[in-house]
Each structure stands twice: as structure tokens, then as C-alpha cells.
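Chains, contacts and geometry: an overview
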Amino acid sequence: MSYIAICKLEDIPSLGARRYRRDDGKVIAVFRNAEDKVFALQDKCPHKGGPLSQGIVFGESVACPLHNWCIGLDDGKAAAPDEGMTEKFSVRVADGLVELDPWSGVSAPMVCQAEAAE
Amino acid sequence: MKLDKPKLVVVGNGMAGIRTVEELLKLSPGLYDITVFGAEPHPNYNRILLSPVLAGEQTFDDIVLNTREWYAEKHITLHTGKKVVKIDRRARCVETDDGTREPYDRLLLATGSDPFILPVPGKDLEGVITYRDIHDTERMIAAAATHKRAVVIGGGLLGLEAANGLKLRGMEVTVVHLMPWLMERQLDRTAAGLLQRTLEGKGLAFRLEAKTEALLPDATGKRLAAVKLNGGEELPADLVVMAVGIRPNAGLAASAGLHIDRGVVVNDTMQTYDPRIYAVGECVAHRGIAYGLVAPLFEQARVCANHLAQFGIARYSGSQVSTKLKVTGVDLFSAGNFTGGEGSEDIVLSDPGAGVYKRLVLKDDKLIGAVLYGDTVDGAWLFKLIREGTNVAPMRDRIMFGESNLGDTGHQGQSKAAVMPDSAEVCGCNGVCKGAIVNAIKAQGLFTLEDVRKHTKASSSCGSCTGLVEQILMFTAGGDYSAAPTKKSMCGCTDHTHQEVRDAIRQQHLLSIPAVYQFLEWRSPNGCASCRPAINYYLLSTWPHEAKDDPQSRFINERSHANIQKDGTYSVVPRMWGGETNSAELRRIADVVDKYNIPTVKVTGGQRLDLLGVKKEDLPAVWKELDMPSGHAYAKALRTVKTCVGSDWCRFGTQNSTLMGQQLERALWRMYAPHKVKLAVSGCPRNCAESGIKDVGVIGVDSGWEIYVAGNGGIKTEVAEFFCKVKTHEEVLEYSGAFLQLYREEGWYLERTVHFVKRVGLDYCKQRVVEDAANRKALWERLQFALDGEPDPWHEPEKAGVDLKQFIPLVPA
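Now for a description of the structure that goes with this document. (Residues numbered from 1 in each chain as written. Chains lettered and ligands numbered in written order. Predicted model: local features only at pLDDT ≥ 70, side-chain atom pairs only at ≥ 80, totals over all residues. Heavy atoms only, no water.)

So, the environment of Ser-703 of chain B
Residue and element names in this part refer to chain B. Considering the arrangement of structural elements, one finds Ser-703 in the loop between β35 (696–701) and β36 (704–709). By relative accessible area, Ser-703 is classed as partly exposed at 41%. Expressed as a C-alpha distance, the spacing of Ser-703 and Asn-391, which sit 312 residues apart in the sequence, is 36 Å. In this structure, Ser-703 is in contact with Gln-655, Lys-725 and Lys-727, ignoring residues within four places of it in sequence. Separated by 2.5 Å, the side chains of Ser-703 and Lys-725 make a polar contact. (Helix = DSSP H or I, 4+ residues; strand = E, 2+ residues; numbered from the N terminus. Buried < 20%, exposed > 50% of the residue type's maximum accessible area, 1.4 Å probe, protein only. Contact = heavy atoms within 4.5 Å. Polar contact = N/O pair within 3.5 Å; in protein donor to acceptor, adjacent residues only side chain to side chain.)

Have a look at this one:
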């Protein structure tokens, strides 16, 4: 586990998200909800790969901007009856700084439906 | 499971009781420690589908709604095969036939109904059964395997389904019916005649106006041998199925001293006379009516769950019911009151040769009843008109021919869901075929359109196949599928409707989303992706310059002021007033396209250029270097004003349509609305700008301008309706603007002008805008006030509250 500070908490709008691009190109979306909890998921919906960072955040969920799938911020899982899971990462707030462990992804490397179909 | 939770005991493990529990778990999971008692030895199954089981089209496993695993997963204690025989209200405890005692804090009675048994001699003979549960069904299936002749007493819905099933199982079946025609509570004489003919064609025999006098035993005296009718005729029979009606099973409630009148009497919150005891389903009498179809039970379940969850805001005020016979190959629908009566009128279409009969009953310009035979495509739509009490006077001449809802796109001519092959595509947006929908309905036990949308995605995108999906639902789940409630709540976060939310914002002068949530007691702390954008719009349109925009409650397109594409890039559409551009603009566009490697440039239908494939990071620079106003192609706002070249160039042009269009666009741009708004101005009736399918379409004629409203070129093409005729450019601006302001103030979020005008009526819009000059001026002024100082988000992002940080990806410090 190695956390790196990526921004200040207030750099992420409440009920919003920011994107962090890893060296290998993978984009991680870092979310902040109304209670100032932070979450990190791969910026890719398990449905058709939509950028979750651009969705509407509510409670502990985000609605994908492409087709409105609801993804749990805490576990990366799509809300039933949709099925799928996006990679989640460890993230925390320390002294007002958002710290992300960009290599902590859990869940098998994701294959989204669009890719699987090809 | 914690011990200090209040205990909810449910008596009755059927569809109504378990549906209530499901609704309760949705609202307040974990509020109660729940115990369910069922007298049958099975988990909850779909009683509506007993007929397909009898007919051999489905098996019992197919119709189980909640498996034992489901109960375990939800921490519900399930006792099957145990009959509750006593309620001790003082000790707040129920007792079963095997002596189990279970205390309760809240008790839910869902004991269902019992079949009515004719009090005739021989009713207790072996071979005489009723048709109520899976046990009866299994007995019928067994009897059909070993016996030949069956008589079904009762030519109602259940009796005919039983007769059909037994016939399919190879028995000779005669239906004995007391009344002059079949299904007299659902059908008129003509439709019943058609039905009888179809069923006779399937091999069923009928005895109408026949009363059963006795059931005669065989030589042993124990087993049934024949049915004796009042005329003296004796029908040989090995099996008799009594399907002459049901009555609420209220015995348990009665023995506990609860008030009974036909059924267990409940109020509008589904409470019995003992406030700790609720009741739902076929055992209850609500406002004097005991319902025997599933749709009302589900409505009751929703209300009851709301109160059990301690929300306390739902009311049940009775249901309209519709019926569909589940006999394969018979297309029949009936709803409401079709017997007419004083002051009612009939519209009838009868084509006996084609086996089609339709009768619509109208009273006071409202549809009150409908009987459809042979072609039930519009059943769901007509039922909606009945339930909502829609004024049908304007469509009287067309109502018989149904809603054209079924399809401009993809499913033209598909009017009979029943005969569609399983492989036929129903939803063109999501590629869902009929077979997938039918399977989902059967396998998941779906009853509502919403459920089908969630599970299959069918009709969840553009919605143009909604009618077809409803039909398939009706056909598969039976006519008593749960139709959408009359009052449609905004989303799962609330029971309030769009109108109620709009009214509250205006009356209470609410200025922020949290204030709305607090005042209207939202169930979720910060709403969801459906309600937040709607409320944000309502606040801004009701209180311009007062309410503050919340960008996090807008969809991404309106937050980043560009259209998101499937690969996560964006498209940029700069505004070209009235579709006119010049060399300087085109040069800048070309330069931007080269500099930012924009892969595609496309001419849009709205007469401007779309730059596709722009990276999010590049958006601010692209806007700046284009140096053209935002085209708002991404917003629920004024998009374009399409124009023809008009009298400046065209040899037919009567008016300067380009100038008129530019004036309109300059007056209305930056105008947010419930949905996107498109205008067009044509210089003569040849209408090259296609004004006939726009939200506001203006057509120049020699003497002035004609204004048309509420057209739509989208999912379903709708021709705009004539609104008024005016003389000057100023009048065009004022009338068009006033109409759009009316839409902005009173439309529901995501409602296009065509749906808004259909809902409130064109006459209403004319009266507020055309006839009432003072009101028109006031509307026009309010619109100008709202637009005054509204910034262009591309060029005044700070003023427009654009979050500029979103365009820069994070890099570690």
C-alpha cells in the first residue's frame, strides 16, 4: 500500500468527482459525496465503459452519464438488476488532502460488455 | 437479528402479503423482525399463472415468485403448512393449528379468499373440486390423466380458464353457466358470443341459463357420476370444477372481533378497526369493495407498506380494474363500466367476419368502459384513459382506432403482441425481442412496466414501444397486471408528483434543493440522478436570479457545456444565428479543427457545424479560439432556429424568414427549458425550414406570419398545431416567447412541448397566450427578465458558474 496525495478535498466538488490518470494510462475517478466521504473507482462503467467521473453522484452511488447505470461507490458494483463491477481503489482523506493508492485496485481486471462483444 | 426490533407478523403467504413485505423492505429494510405464516406448504407463487400450469404451458417451479432462499436472505421467518387459527389481540399474539404462538407489534392479514361452493346435494362427492390454489390445479391435472368427462360450473374468468386447461389436458368439457352469456361481469352480449364461438371451435361445450340442481353419485354412492340441471338434463361427469365465485376469507379476523362487512373492513391506509392490525388483498373490503384481481392488491400493498414503514403519506382510494382472459389464442380485454346506463353513449366497431369487436362507453366526455375482442392492442391505452378520467372529446372521432403509440420507428404494423414471433424485435433502442421480455416476465415474476424496463431495458430509452411492451406484459402476466398508478411519483425518492413539487416550490418560495427535500420529506438525503436535475430546473425557472444553480445536479452535458460521446470525448457545436455563417467563422473553425486534431466535422440537422471527438481537457481552449457563442446543443434549452433563405433570395419567399429566425434566436438563446427546444421559420408555405415539426414553427404568408406549436420530429413525428396568426416580427417574438415561457413555468422536466400541450390542452395554451393579452405580455416580460444577464458559459464561465477545474486531470503534487 502506498498512498499518494492527489489533491485537496475541496478540489473535488461535493457530490462530484475528479479524474486521476495513472502512468500506464488507466484513469481513476475520485468521488466525494455529501458527507465528504471519498471513493475511488476505475473511470469506466462495467456496461459500455462510460466515464463514471462525469456522472451524477447521490448517496453512495453514481449514475453513469451514458446509460444511467447506478454504480455503488463503495464496492464498484452495479445496482440490481444490472450486473457488473468496476475496479475499486483505496482512497482516504488526511489533513484535508485526498490520498489515493493508485495500484490498490481490487476485482479482476474488468472486461466491459462493449469489449467482450468484440 | 436484533431482539429489540418490533415484530411484524404476516398471516398469509400469498401475493398480496408478500408484495407488501417486499415494498416494506424497499422502503425500510430491517425495520421489523418479520414472520410469515402460510397455510399452504409452498413458498409464495404466482396465482395468476395457475391457468397456464393447468394448460400445461408452465410448471409450478416456473411460477414460484419467492423461493425459500429469498426468505432466508431477507431474514424472514417462514412457516409454511401452518394455519393461524387465533388472534389474541390483548396479548398481541397469534396462534397456529399446531400450537405455535407468535407475538406481534404489527399484524398484517392477507388471508385471501375462499372459493364459493354451491349448496347443492352431492357437493361433497369425490370428484368435486374448486379452483383456487396449486393443490386444486394438481388435482385437476391428475383427474385429467385418468378420467374423461369434466363439467365446469361457472362461465366466468376462472371457469373458462379451467375449462380450457382441462380440454387441453384431453378431457371432454362442458361449461354450465347460470347467466345468458359468458363472463357477464366483464363482457357484453356480443363480445361474449364471439368468445363462445371461439371456445366452441376449441371443442368446449356450453349450457347457458342452466342451473345446477344436484350432483349425482355413482353406484358406490361416493363418487360423482353426473350433473343434473334444472331442465332435467343430466350431464355425465367424472370431474366437476366449481368456479362460481370467491368470497373474502375473513373468518380469522371475525373471530378476533374485527369489523367485517363482506371482507375485513379497512380504511384508506389499509388499517383494520384495530390500529395494530393491517389487512391487504382479497380478504379485505375497502369502501365496500372486495377486489379479486392482482393489480388492486399491489396498489394496496404499496400503501400498506408505506404506513408500516412509518412514512404515513400514502392513501389507497380504490382501483379501476381490467380483465384479460388467459386462454391462448383468445384476445379479449375489458375494463371499467361497459354496461353504460343513463347518459352514456357507445362507440361500436363490429367485424364478426374478422372476429373483431370493440365497444367503448363514454359518459360526460370521458371514457368509462371498454370491451375489446379480437384486437386488444389499445387495451392498455384505453385503460389509462379510463383511470385518468381523460377528456376524450377532442379525440372522439379517432379514439376507436387507437393510439398510434405503437410505432413510427421499427414496429410499424405490429399491432398484435400475441401473434408476434418470439424473435420479433420490440425495443429497437436496446435490441430486445419479444421472447426476452416474455421470459423475463415469467422467470422474474414481473408485473409492472417499470419492472420490465428495469430487467430487460425494453422501452426504457425512447419509450416508443411502451404500448407494445404493456401489451406483452398484459398478455403474459394476465390482464390483471399491475398498471402504472394514476398518480406517478417523480422518482423512487418520493411519492410526490412533478406537479406537486413545482407547486410547493412556488407556494413555499423554496430556493434550494435541500430546502425542497426537507419540505417535501424526501426519502433519500441527496436525491438521485432523476430528481436532482428536475428540481434544479424547477428552482431556476420558478425563481430566476434568486435560486442558485447547482452544477452537480445537472447531467454531464450541461455541466461541461458539451455533448458527451460514447467514447467519453465531447462534441462542440458553436451557434450560427439562423444557420447563417461567414468566411471568418469558417476559417476559425477550420483552424481549431486542425490545431486540436478534431476527427469529425458534421453538418447538423439544425443548420450548424458539429465538431466531434474533442478531448475534455481541450474544451475551454476550443471555445475560446472558436470565438463563437455556445450553441447549447448539449442543453435542455433553446437549440436552433432553423430558417430558409426567405424573401432576400428566394423567388417564392413572401417574408424575410432568415431575419425573423435570427431575431427569435437572439431573443431566446440561453433559455433553459424542461427539455430541448427547437424552432424554425419558413418564408412561405412551401415550408423549407420544416416548421411543421418544431416546438414553435413560424411560416411566412403574404399577409404576415402563422405560428404553429408543439410539433416534434423525434421519436414519434408529431405535426405542430396551428396556434395563431400575427402580422409583425415583434408579435412573432412576443407570442412565441410567451408560449415558451408558459412551457417553462408549467412544463414537467423532460416533457417536450408536444407532451406538455397534450397534457394541459391546446385550448388552455391559446387562452393564456393568444386570448389573454395582458397575460401574454406578462409571460413575455418574465421570460426576458429570466434571460436578462444570463451568461454564455463558453465565454463567461465564472459568471455562469462553470467548474473549470473539471477540465484539468489531477496530477500528484
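Structural notes on the packing of helix α14 (residues 498–507) of chain B against helix α21 (residues 729–746) of chain B
Residue and element names in this part refer to chain B. The N-to-C vectors of α14 and α21 enclose an angle of 95 degrees; their axes lie 10 Å apart at closest approach. Accordingly, the angle class assigned to the pair α14 and α21 is roughly perpendicular. When α14 is examined against α21, the residues Gln-499, Arg-502 and Arg-506 are found in contact with a partner set consisting of Arg-744, Glu-745 and Glu-746. Partitioning the contact of α14 with α21 into residue classes produces no nonpolar, one polar and five charged. (Axes fitted to C-alpha atoms, helices over the stretch in contact; angles between N-to-C directions. Parallel < 35°, antiparallel > 145°, perpendicular 65-115°, else oblique. Nonpolar A, V, L, I, M, F, W, Y, C, P; charged D, E, K, R; others polar.)

A word on the pattern of salt bridges
Across all of its chains, the model carries 46 salt bridges over all chains by this definition. Taking the shortest distance from any N to any O, the salt bridge between Lys-7 of chain B and Glu-102 of chain B comes out at 3.1 Å. Remark: Glu-102 of chain B occurs in strand β6 (residues 101–103) and Lys-7 of chain B occurs in strand β1 (residues 7–11); sequence separation between them is 95 residues. Judged by its relative accessible area of 13%, Glu-102 of chain B falls in the buried class. Between Arg-523 of chain B and Asp-495 of chain B there is a salt bridge, with the nearest N and O atoms lying 3.4 Å from each other. Of this pair, Arg-523 of chain B sits in the loop between α15 (513–519) and α16 (531–542) while Asp-495 of chain B sits in the loop between α13 (466–477) and α14; the two residues are 28 residues apart in sequence, bridging distant segments of the chain. Classification of Asp-495 of chain B as partly exposed rests on a relative accessible area of 24%. Through salt bridges with shared partners, one network takes in Arg-19 and Arg-21 of chain A together with Glu-617 of chain B. (Salt bridge = Lys/Arg side-chain N within 4 Å of Asp/Glu carboxyl O.)

Regarding the interface of chain A and chain B
A common way to report how large an interface is uses the accessible area buried once the components associate. Contact residues are listed per partner, giving 30 residues for chain A and 31 residues for chain B. Buried area between chain A and chain B, summed over both chains or domains, comes out near 2,400 Å², and the portion from carbon and sulfur atoms is 56%. Looking at the side of chain A facing chain B, the largest losses of area belong to Arg-18, Arg-19 and Ile-56 of chain A, adding up to 29% of the total buried there. Seen at the junction of chain A and chain B, the total is five salt bridges. The salt bridge partner of Lys-457 of chain B is Asp-82 of chain A, with a shortest N-O separation of 2.6 Å. On inspection of chain A and its partner chain B, the count reaches 13 residue pairs in polar contact (both at pLDDT 80 or more). The set of elements that each furnish at least two residues to the side of chain A that touches chain B consists of β1 (4–8), β2 (16–21) and β5 (56–58) of chain A. With five residues, the single largest contributor to the side of chain A that touches chain B is β2 of chain A. Here the side of chain A that touches chain B is composed, by residue class, of 17 nonpolar, seven polar and six charged. (Buried area = accessible area lost by both parts, 1.4 Å probe.)

Considering the sheet that holds β36 of chain B
Residue and element names in this part refer to chain B. Pairing in this open sheet of five strands is mixed, and the strands run β33-β34-β35-β36-β37 from one edge to the other. Lying at the two open borders of the sheet, with one neighbouring strand each, are β33 (638–643) and β37 (721–726). Across the sheet, the axes of successive neighbouring strands diverge by a mean angle of 20 degrees, strand direction being ignored. Sheet topology places β36 next to β37; five bridges connect them, and they run antiparallel. By the bridge assignment, Glu-706 is partnered in β37 with Lys-725. Docked against the sheet, α21 engages β34 (677–682), β35, β36 and β37, running at close to 10 degrees with respect to β36. The strands touched by helix α23 (residues 762–771) are β36 and β37; relative to β37, the strand with the most contacts, the crossing angle is about 20 degrees. (Pairing = 2+ DSSP bridges.)

Brief notes about the packing of α14 of chain B against α16 of chain B
Residue and element names in this part refer to chain B. Closest axis-to-axis distance for the α14/α16 pair is 10 Å, and the angle between their directions is 40 degrees. One element, α14, and the other, α16, form an angle in the oblique class. Relative to α16, α14 is oriented so that their crossing is right-handed. Packed against α14, whose contacting residues are His-498, Val-501, Arg-502, Ile-505 and Arg-506, the element α16 presents Ala-534, Ile-535, Tyr-537, Tyr-538, Leu-539, Ser-541 and Thr-542 at the interface. A class-by-class count of the residues in the contact of α14 with α16 yields seven nonpolar, three polar and two charged. (Left-handed = near helix turned anticlockwise from the far one by under 90°.)

Notes on the packing of aromatic side chains
Residues and elements named next belong to chain B. One pass over the structure, following the stated rule, counts 12 aromatic pairs over all chains. Consider the rings of Trp-623 and Phe-807, whose centres lie 5.7 Å apart with planes at 90 degrees: the pair is edge-to-face. A residue pair is termed long-range when its members are at least 10 positions apart, and Trp-623 in helix α19 (residues 619–626) and Phe-807 in the segment after α24 (773–787) qualify at 184 residues. Across the pair, Phe-807 and Trp-623 agree in class, each one buried. By the ring-pair criterion, three or more aromatic residues cluster together here, those being Tyr-537, Tyr-538 and Tyr-749. (Phe/Tyr/Trp six-rings, centres within 6.5 Å; stacked < 30°, edge-to-face > 60°.)

Here's the deal with helix α10 (residues 379–388) of chain B
Residue and element names in this part refer to chain B. Of all the 10 residues making up α10, eight are buried; the element is thus mostly covered by neighbouring parts of the structure. Taken together, the buried positions of α10 are Gly-379, Ala-380, Trp-381, Leu-382, Phe-383, Leu-385, Ile-386 and Arg-387. In this structure, the buried residues of α10 make contact with β22 (322–324), β23 (332–336), β25 (356–363), β26 (366–373) and α13. In the stretch just after α10, Gly-389 is the one whose phi turns positive, near 60 degrees.

The quantities given are spatial measurements derived from coordinates; they are silent on function.
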